[in-house]
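Overview (structure and organization)
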Amino acid sequence: MDYVSLPKIELHAHLTGSVSRHTLHEIWKKKKASGQTDLDDPLVVMPEGKHDYNLQTFFPLFSSYIYNLITDEESIRYAVNSVLQGFLDDGIVYLELRTTPRSTTNMSAETYITILLNAIEEFEKSHPQMHTRLILSIDRRHSVETAESILELATRLQNSTRGVVGIDLCGDPTARPGGDVSIFTPVFEQASRAGLGITVHFAEAEASGSYEELRTLLSWNPDRLGHVIWEDEAAKKEIAKRELCLELCLSCNVQAEMIHGGFEAHHFKHWKDVKGPKISLGTDDVGVFGSPLSNEYRLVAKHFHLDRSQICALARQGIEGIFGGDQEKERLRQVMWKE
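Residues numbered from 1 in each chain as written. Predicted model: local features only at pLDDT ≥ 70, side-chain atom pairs only at ≥ 80, totals over all residues. Heavy atoms only, no water.

For the chain, the name recorded in an unreviewed UniProt entry is SNF7 family protein, with Pochonia chlamydosporia 170 as its organism. If you open the UniProt record of the chain and go to Cofactor (unreviewed entry), you find "Zn(2+)". Among the UniProt annotations of the chain, the heading Catalytic activity (unreviewed entry) holds the following wording: "N(6)-methyl-AMP + H2O + H(+) = IMP + methylamine". (UniProt positions renumbered as here; feature names shortened; annotations may be inferred.)

Turning our attention to empty space enclosed by the protein. Unfilled space is identified by rolling a water-sized probe across the atoms. Under the defined criterion, the tally for this structure stands at one cavity of 30 Å³ or more. Reported here for the largest cavity is a volume of approximately 40 Å³. Around the largest cavity sit Leu 15, Thr 16, Val 19, Ile 70, Ile 76, Ala 79, Val 80, Arg 102, Tyr 112 and Leu 116, which together line it. Take the lining of the largest cavity: its biggest share by element is three residues, from helix α4 (residues 73-89). Residue composition of the lining of the largest cavity, grouped by class: eight nonpolar, one polar and one charged. (1 Å grid on protein atoms, 1.4 Å probe; cavity = no way out; pocket = protein on both sides within 12 Å on 5 of 7 lines; lining within 4 Å. Points joined across faces, edges and corners; volume = space filled by probe spheres on them. Helix = DSSP H or I, 4+ residues; strand = E, 2+ residues; numbered from the N terminus. Nonpolar A, V, L, I, M, F, W, Y, C, P; charged D, E, K, R; others polar.)

With numbering aligned to this structure, UniProt lists the feature "domain: Adenosine deaminase" (unreviewed entry) at residues 7-334. What you have in residues 7-334 is 47% helix and 15% strand, and the ends, taken at the C-alpha atoms, are 11 Å apart.

With that out of the way, let us pick up the layout of surface pockets. When its volume is computed, the largest pocket comes out at roughly 520 Å³. Lining the largest pocket are 31 residues, and of these Phe 59, Tyr 67, Thr 100, Asp 139 and Cys 170 lie nearest its centre. Mapped onto the lining of the largest pocket, the elements with two or more residues apiece are α3 (55-69), β2 (92-99) and β3 (131-139). Looking at which element gives the most residues to the lining of the largest pocket, the answer is α3, with six residues.

This is the structure in structure tokens:
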């Protein structure tokens, strides 16, 4: 089966984590030549073929390196276009990119998001076969004030056909453990009232899989859950009852040692047979873990013995989980393979 030409939906992709090492190298090379950076070459910091980043080495890669390289409009536009082209070449027909609004010495957080939206709009004009929408992420380490500012920005730029369609909770799962993320409850409640889609990184690690936290996150009435690795039996039943959309990222979970036992032990095995929830495979950070979405489908076909018909049905499950509106859902029903 040709997994690249299979029309696919990508709902769990972090923008900066999706930037390829080659693209980072090109940005670095130009900045190095003009004296704008003293960072080491990305191909040295992130050698080709290295994908075994765990939770201890993954987050510092961004805070101490990638964020310090993609800092101005030129580098942001170059990175975004490279990311979008990569997803397009891999057969993606609908993409929801997520990113944390961040300010740099050159721009405000709002300017950063505006640049992204403009770059996405320009790309879509030239490549109308792939539609891209944006999710703004709140980091678990953020203050309530920062979270509120992100929500305000998301609400102001909200547009299902061009713009921001939802918000996310992400970040180091060891931050604010034991239900302390409840400080963000008013923010996500307001997001829901504003009509924004809500997706959260759910039970991503043991530290973020406490009873208190899972109940807090479910109380926000999210539309989608990312990862869902360390949930308890009661949470599993509630997820099934609500028929939530699950963003499952196999390569990320296995290579980052978030699960043990390899691909055959991935919790996709459990959820694929549960009635109610929909599954949407995601790459998480293809620039770090090196597995495009086509390969994620190849992996589930191989390790869970899915035939062509089952793969096509799986690819279509994500349609109902998108934040892009009913018109976009209908477009996807028309362009995605049925068998």
